Amino acid sequence: MMYLSETFRWSAAGIKYIFLLILSMMMLTFLISSAMALPADSIEVIAKHPESAANSIYQVKFSVSKPIPANAMFRVTFPLEFDLSDLLIAGSTTINGGFEIAVDKQVIVMKRSGLGKEVPANQNADLKFAIVRNPGKPADDYKILIEILDGAEKSIIRAEKNQKILPRIE
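### Brief notes about the sheet that holds strand 2 (residues 55-63)
Adjacent strands of a sheet form backbone hydrogen bonds with each other and so pair up, either parallel or antiparallel.
Step number 1: One open sheet accounts for 4 strands, arranged 1-2-7-4; its pairing is antiparallel. In the strand order of this sheet, the two ends are held by strand 1 (42-47) and strand 4 (89-91), each with one partner. Strand-to-strand, the axes of this sheet are offset by a mean angle of 15°, without reference to chain direction.
Step number 2: Pairing analysis gives 3 bridges linking strand 4 to strand 7 (residues 125-133), with the strands arranged antiparallel. Opposite Ile-89, over in strand 7, you have Ala-130 as the bridge partner.

This is the structure:
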């Protein structure tokens, strides 16, 4: 009785086939790992009540490729049609340490207190603030500017997002 290993002969075609198979597997592994290496930065603005003339809580959800330090600053700039005069509170369900909040016309500035932990890169995080009064006119192109800055006020990310304001249903 003979074993397969005793009768197997290396042929040029067999060697080429094995070489090509290994090479293609390596290339596929490289392509998959490089595509998954760094997720893209993402920012999303969500209004709890997106109807015209409604008072709403706004949430900014984000994930950025750089860590966010404990002394970071967040700036959210609303168009003139939004009313921020009743803004009372800002906070986060994912970022600890507390915030200092200031409103200057159409700009909300939230500074981290420095007491919380750094938010690691590519981690989902959020900010919430209320009360923002939506414009009286429905439209789908109100532009909200979101900026995340480090402790030295250097930009970590800057993005402009469209906010859709729906007609009020009565």
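Having seen the model, we can carry on.
### Observations concerning the pairing of strand 7
Step number 1: Bridging between strand 2 and strand 7 involves 7 bridges; their strand directions are antiparallel. Paired with Val-60 across the strands is Leu-127, a residue of strand 7.

### Considerations on the nonpolar core
Step number 1: Tyr-58, Phe-62, Phe-78 and Phe-129 are the most contacted members of the largest nonpolar core, which has 31 residues in total.
Step number 2: Put simply, the parts of the chain that give this core at least two residues each are strand 1, strand 2, strand 3 (73-77), strand 6 (107-112), strand 7, strand 8 (139-149) and strand 9 (155-165).
Step number 3: Each residue touching Phe-129, except ones within four places of it in the same chain, is listed here: Ser-56, Ile-57, Tyr-58, Val-60, Val-76, Phe-78, Leu-87, Ile-89, Ala-90, Ile-108 and Met-110.

### Focus on the sheet that holds strand 5 (residues 99-104)
Step number 1: On the basis of which strands lie adjacent, the open sheet formed by 5 strands has the order 5-6-3-8-9 and antiparallel pairing. Every interior strand has two partners, whereas the edge strands, strand 5 and strand 9, have only one. Looking at each pair of strands side by side, their axes are set apart by 15° on average, direction ignored.
Step number 2: Inspection of the sheet shows strand 5 paired to strand 6 by 6 bridges, in the antiparallel sense. Pairing of Phe-99 across the sheet is with Arg-112, part of strand 6.

### Overview of the packing of aromatic side chains
Step number 1: Summed over all chains, the structure comprises 8 aromatic pairs.
Step number 2: Ring plane angle 75° and centroid distance 6.3 Å describe the contact between Tyr-58 and Phe-82, whose orientation is recorded as edge-to-face. You can see Tyr-58 sitting in strand 2 and its partner Phe-82 sitting in the loop between strand 3 and strand 4, a full 24 residues away along the chain.
Step number 3: Using a relative accessible area of 2% as the deciding quantity, one classes Phe-82 as buried.
Step number 4: Both rings, one in Phe-78 and one in Phe-129, keep their centres 6.1 Å apart while their planes meet at 85°; by these two values the pair is edge-to-face. In this pair, Phe-78 is assigned in the loop between strand 3 and strand 4 and Phe-129 in strand 7, connecting sequence segments 51 residues apart.
Step number 5: Clustering of aromatic rings is evident, with ring pairs tying together Tyr-58, Phe-78, Phe-82, Phe-129 and Tyr-142.

Calculation criteria
- Residues numbered from 1 in each chain as written.
- Predicted model: local features only at pLDDT ≥ 70, side-chain atom pairs only at ≥ 80, totals over all residues.
- Heavy atoms only, no water.
- Pairing = 2+ DSSP bridges.
- Helix = DSSP H or I, 4+ residues; strand = E, 2+ residues; numbered from the N terminus.
- Axes fitted to C-alpha atoms, helices over the stretch in contact; angles between N-to-C directions.
- Core = buried A, V, L, I, M, F, W, Y, C linked by side-chain atoms within 4.5 Å.
- Buried < 20%, exposed > 50% of the residue type's maximum accessible area, 1.4 Å probe, protein only.
- Contact = heavy atoms within 4.5 Å.
- Phe/Tyr/Trp six-rings, centres within 6.5 Å; stacked < 30°, edge-to-face > 60°.

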